[in-house]
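# Examination of the molecular architecture
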Amino acid sequence: MHTGVKITAFAAALAATFGTAYGVGQGIDPVVADREPASHDTHAEPSPKPEGGGGHAEHESTQEGQSLPAGGLQISENGYTLDLKTPRIEARQRADLRFTIQDEKGRAVTSYKREHEKELHLIVASRDLVTYRHLHPTRAADGTWSIPVELPRAGGYRVFADFTPAKKGAENLTLGADLAASGPYEAKGLPAASTTAKVDGYEVKLAGGLRPGAAGEVELNVSRDGKPVTDLQPYLGAYGHLVALRSGDLAYLHVHPNGEPGDGKTKSGPGISFTATAPSPGAYRLFLDFKHQGVVRTAAFTVHAGETSGGDADHSEAAEDAPEETAGGHGH
């Protein structure tokens, strides 16, 4: 695990609104649970850029309030293309999400570098940032990736594939594509700003905040039944993984924690510290994955870049509603 900020910004095309229902050709495959995510079985974090072991693009901070260079804005980059074989799916029905990564000659890539124990990391998020999942699909010999998913609601979603081809000199890439889930559609607003999230009996408190164009520290403290959790377990090389998605265009940030298990100074809880730079001002949805007693769980927050979180009020929405999405939140 690498210290500091590993950020990839993803700009997603805005999903069209189709009134009260999404047509069959407009469904999108959701990724996380409705409202607050719950416990999940598996989750792998993307890796850093070349010299850091692969993963998400790292950007230098710019002047305060200035947007950082955006990465992963495209379905194709550096000769590689994300070919989503399943661009639509029926909401609330389990189906295989299938895709390939094609090279410049249109051939499916079959050789990848393993980054944080996985060849490819897949993130799916709903446009309203209520549903989020970090998945680990399986690759067939012909280069086709697949994983079963079940989307809780109709609407638009964004799929992010994070990988590094094994080809010599190839850089880490994160490509994005739109996914639709068909069915009766009901628009939902961004969950209210929150500094406390509850999931499966755990409480996670957020301190600090995102700063536009400048590095800022974010710390999350995990407790259970009112007592600090001091025995968090390493998960893919870290005590926690944090992903931030910007409301509106779903610009994507992946942040690595400060310190790592076994380095002689990083404690196994209750606090997990991150350093992150927001690409611009705006509202963001934060998703923290942490592992305790053999189970990976996800706590979600809404924050505004430029505002410092504080207070103990619990504004997180429907944390207890997460169980229906638990099975699909993480997968491999």
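Our subject is the structure listed above.
Throughout what follows, the structure given in this document is the object of discussion. (Residues numbered from 1 in each chain as written. Predicted model: local features only at pLDDT ≥ 70, side-chain atom pairs only at ≥ 80, totals over all residues. Heavy atoms only, no water.)

## Some words on the overall build of the protein
Basically, it comes down to this: Helix and strand definitions here come from DSSP, where helices need a minimum of 4 consecutive H or I residues and strands a minimum of 2 consecutive E residues; each element is numbered from the N-terminal end. Buried, partly exposed and exposed residues are distinguished by accessible area as a fraction of the type maximum, computed with a 1.4 Å probe on protein chains only: under 20%, between the cut-offs, and over 50%, respectively. Surface accessibility in these figures is a Shrake-Rupley result with a 1.4 Å probe; residues are shielded only by whichever protein chains are displayed.
Helix and strand counts for the protein stand at one helix and 22 strands. A burial count over the protein gives 56% of its 332 residues as buried. Working note: accessible area of the protein is about 12,900 Å², and carbon and sulfur atoms make up 46% of it.

## Side note on the sheet that holds strand 4 (residues 80-84)
Selection rule: In this description, strands pair whenever DSSP reports at least two bridges between them.
As summarised here, the arrangement of the five strands in space is 3-4-6-10-9, forming an open sheet in which the pairing is antiparallel. The outermost strands of the open sheet, each flanked by one partner alone, are strand 3 (76-77) and strand 9 (138-139). In terms of strand pairing, strand 6 (residues 95-102) meets strand 10 (residues 145-149) through five bridges, oriented antiparallel. Bridged to Phe-99 within strand 10 is Trp-145.

## Overview of unusual backbone geometry
Gly-269 connects to Pro-270 through a cis peptide bond whose omega is 0°. Considering the arrangement of structural elements, one finds Pro-270 in the loop between strand 18 (252-255) and strand 19 (271-277). One non-glycine residue, Asn-78, lies in positive phi territory at about 55°. Checked against the element boundaries, Asn-78 lands in the loop between strand 3 and strand 4. Its relative accessible area of 52% is what places Asn-78 among the exposed residues. The phi torsion at Asp-225 lies on the positive side, around 55°, for a residue other than glycine.

## Observations regarding the side chain of Thr-86
Worth spelling out the cut-off: For the purposes of these results, a polar contact is taken to be a pair of N or O atoms within 3.5 Å, where, inside protein, one atom must be able to donate a hydrogen and its partner to accept one; residues adjacent in sequence count only when each atom of the pair is a side-chain atom. Contacts are assigned to residue pairs that have any heavy atoms within 4.5 Å of one another.
The topology assignment puts Thr-86 in the loop between strand 4 and strand 5 (88-90). A polar contact of 3.0 Å, which involves the side chain of Thr-86, links it to the backbone nitrogen of Arg-98. Those residues in contact with Thr-86 that sit more than four places away from it in its chain are Asp-96, Leu-97, Arg-98 and Leu-179.

## Some thoughts on the pattern of salt bridges
Side chains carrying opposite charge are able to pair once their charged atoms draw close together. Selection criterion: One side-chain nitrogen of Lys or Arg within 4 Å of one carboxyl oxygen of Asp or Glu is enough to make a salt bridge.
Under the counting rule described, the total for this entry stands at nine salt bridges. As a salt-bridge pair, Asp-83 and Lys-85 come within 2.7 Å of each other at their nearest N and O atoms. Overall, Asp-83 belongs to the partly exposed group, its relative accessible area being 22%. A salt bridge links Asp-249 to Arg-246; the nearest nitrogen and oxygen atoms lie 2.6 Å apart. Just as Asp-249 is buried, Arg-246 falls in that class too.

## Considering the packing of aromatic side chains
One pair of aromatic rings is described through two measures. These are the centre distance and the angle between the planes. Test applied: Any pair of Phe, Tyr and Trp rings, taking the six-membered ring for Trp, is counted once the centres come within 6.5 Å. Such a pair is stacked with planes under 30 degrees apart, edge-to-face with planes over 60 apart, and tilted for the rest.
Evaluated as defined, the whole model comprises six aromatic pairs. For the ring pair Tyr-80 and Phe-163, a centre distance of 6.5 Å and an interplane angle of 75° mean the geometry is edge-to-face. With Tyr-80 in strand 4 and Phe-163 in strand 11 (residues 155-163), the pair connects residues that are 83 residues apart, well separated along the chain. What makes Tyr-80 buried here is its relative accessible area of 7%. Between Tyr-132 and Phe-287, the ring centres sit 4.0 Å apart and the planes meet at 5°, which makes this aromatic pair stacked. Linking Tyr-132 in strand 8 (residues 132-135) with Phe-287 in strand 20 (residues 282-292), this pair joins segments that are 155 residues apart in sequence. Phe-287 matches Tyr-132 in its accessibility class, with the two residues each being buried. Three or more aromatic residues joined by ring pairs form one cluster here, namely Tyr-80, Phe-99, Tyr-112, Trp-145 and Phe-163.

## Things to note about the environment of Gly-189
The topology assignment puts Gly-189 in the loop between strand 12 (173-184) and strand 13 (196-199). Once the C-alpha coordinates of Gly-189 and Arg-127 are considered, the two residues, 62 residues apart in sequence, prove to be 9.9 Å apart.

## Re the nonpolar core
To keep it simple, the criterion reads: As used here, the term nonpolar core means buried Ala, Val, Leu, Ile, Met, Phe, Trp, Tyr and Cys residues forming a set that is joined through side-chain atoms within 4.5 Å.
The biggest cluster of nonpolar side chains holds 30 residues, and the ones touching the most others in it are Ile-101, Leu-122 and Phe-163. Looking at this core element by element, the count peaks at five residues for strand 12. Apart from residues lying up to four places away in sequence, Ile-101 is in contact with Tyr-80, Thr-81, Leu-82, Arg-107, Ala-108, Val-109, Tyr-112, Leu-120, Ala-161 and Phe-163. In terms of nonpolar packing, the next biggest core, distinct from the first, is built from 28 residues, Val-218, Leu-220, Ile-272 and Ala-299 among them.

## Some words on the pairing of strand 8
Alternating residues of strand 8 divide into Tyr-132 and His-134 and Arg-133 and Leu-135, and every residue in both groups is buried. Both strand 7 (residues 120-126) and strand 8 contribute to a ladder of four bridges, which runs antiparallel. Along strand 8, the bridge assignment pairs Leu-122 with Leu-135. Hairpin remark: strand 7 followed by strand 8, antiparallel, with five residues in the connecting loop; positive phi at Leu-129, about 65°.

## A look at the side chain of Thr-298
Position of Thr-298 relative to the elements: it lies in strand 21 (residues 295-305). Of the residues examined, Thr-298 reaches a relative accessible area of 0% and is grouped as buried. Within the structure, Thr-298 has its side chain in polar contact with the side chain of Asp-289 (distance 2.4 Å).

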